[in-house]
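One-letter residues, chain by chain:
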Amino acid sequence: MKKFNILTSTCVPLPIENIDTDQIIPARFLKATTRDGFGENLFRDWRYSGGENPVEDFVLNTAKYSGKILVAGRNFGCGSSREHAAWAIADFGFNAVVSSFFADIFKNNALNNGLLPVQVSESFLDQLFDAIEKNPSINVRIDLPKQIIEIEELNLRERFDINTYKKHCMINGLDDIDYLRENKKEIEEFEKQL
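Residues numbered from 1 in each chain as written. Predicted model: local features only at pLDDT ≥ 70, side-chain atom pairs only at ≥ 80, totals over all residues. Heavy atoms only, no water.

(A) Structural context of the sheet that holds strand β1 (residues 6-9). Reading across the sheet, the four strands line up as β1-β8-β9-β10 and stay open at both edges, with antiparallel pairing between neighbours. Two strands bound the open sheet, and with one partner strand each, they are β1 and β10 (156-159). Taken pair by pair, the neighbouring strands of this sheet meet at an average axis angle of 10°, ignoring direction. Relative to strand β8 (residues 140-143), β1 runs antiparallel, the two sharing four bridges. (Pairing = 2+ DSSP bridges. Helix = DSSP H or I, 4+ residues; strand = E, 2+ residues; numbered from the N terminus. Axes fitted to C-alpha atoms, helices over the stretch in contact; angles between N-to-C directions.)

(B) Broad picture of the pattern of salt bridges. Applying the stated criterion to the full structure yields nine salt bridges. Of the charged contacts, one joins aspartate 130 and lysine 134 as a salt bridge, the two residues approaching to 3.0 Å between their closest N and O atoms. With a gap of four residues between them, aspartate 130 and lysine 134 both fall in helix α5 (residues 122-134), about one helical turn apart. On the basis of relative accessible area, aspartate 130 is assigned to the partly exposed category, the value being 35%. Between arginine 141 and glutamate 152 there is a salt bridge whose closest N-O contact spans 3.9 Å. In this pair, arginine 141 sits in strand β8 while glutamate 152 sits in the loop between β9 (148-151) and β10, placing the two residues 11 residues apart along the sequence. We classify glutamate 152 as exposed; its relative accessible area is 53%. (Salt bridge = Lys/Arg side-chain N within 4 Å of Asp/Glu carboxyl O. Buried < 20%, exposed > 50% of the residue type's maximum accessible area, 1.4 Å probe, protein only.)

(C) Focus on the pairing of β10. With four bridges connecting them, β9 and β10 associate as antiparallel partners. Each bridged residue has a counterpart across the sheet, and for isoleucine 148 the counterpart in β10 is arginine 159. Connecting β9 to the antiparallel partner β10 that follows it, the hairpin turn spans four residues, and asparagine 155 within it adopts a positive phi of roughly 55°.

(D) Fine view of the packing of helix α3 (residues 83-92) against helix α4 (residues 104-112). Packing of α3 against α4 brings their axes to within 8 Å, and their N-to-C directions diverge by 50°. What the angle tells us is that α3 and α4 run oblique. Where α3 crosses over α4, the two elements pack in a sense that is right-handed. Contacts between α3 and α4 involve Glu83, Ala85, Ala86 and Ile89 from the first element and Phe106, Asn109 and Ala110 from the second. Grouping the amino acids of the contact of α3 with α4 by side-chain chemistry returns five nonpolar, one polar and one charged. (Parallel < 35°, antiparallel > 145°, perpendicular 65-115°, else oblique. Left-handed = near helix turned anticlockwise from the far one by under 90°. Contact = heavy atoms within 4.5 Å. Nonpolar A, V, L, I, M, F, W, Y, C, P; charged D, E, K, R; others polar.)

(E) Representation of the nonpolar core in the model. Membership of the largest hydrophobic core comes to 55 residues, with the highest contact counts inside it found for Phe43, Phe76, Val98, Phe106, Leu116 and Ile142. For this core, the leading source of residues is α5, giving six residues. The contact partners of phenylalanine 76, leaving out residues within four places of it in the chain, are Ile19, Ile24, Phe43, Leu70, Ile89, Val97, Ser99, Phe101, Phe102, Ala103 and Phe106. (Core = buried A, V, L, I, M, F, W, Y, C linked by side-chain atoms within 4.5 Å.)

Structure representation (structure tokens):
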């Protein structure tokens, strides 16, 4: 996994609530066993009509918005357990998703795949959507070590929670196996004591 420390980026706003994993990556695209190529089908049924014709006003098809941060409505990632949803978002080029609520399974899948889910209050999310709409080139800064998301230009900031173990893994670019390898000496010492 890539290390995640501080991310400063513009944002792509998707102010829709209850976006489920089948909308994120439709089931018909789940045949691959590697993580590569899922980004091209991210929000496929919203991005294209008739299968191949881009929907011009869909946010991912416009030049108005870009960046490494996806900002979405409440209850993002609900529906079936689908690790491919996190793969698709990351493969498209996003490093973080901001919402006021994440489905637990999606949140865990995101963290396990190096995609940071940043859960904020409803009021912060509303202010964030408003700021992006007024100025699509506004930068948002996510500081994982300090657990703060902010729009410095507007002096708007909020603290977010993250599991301590997952925070350590993301900052150091570790998956669960890498973490065990990192602690090999301690594990061996513990085994000797038994």
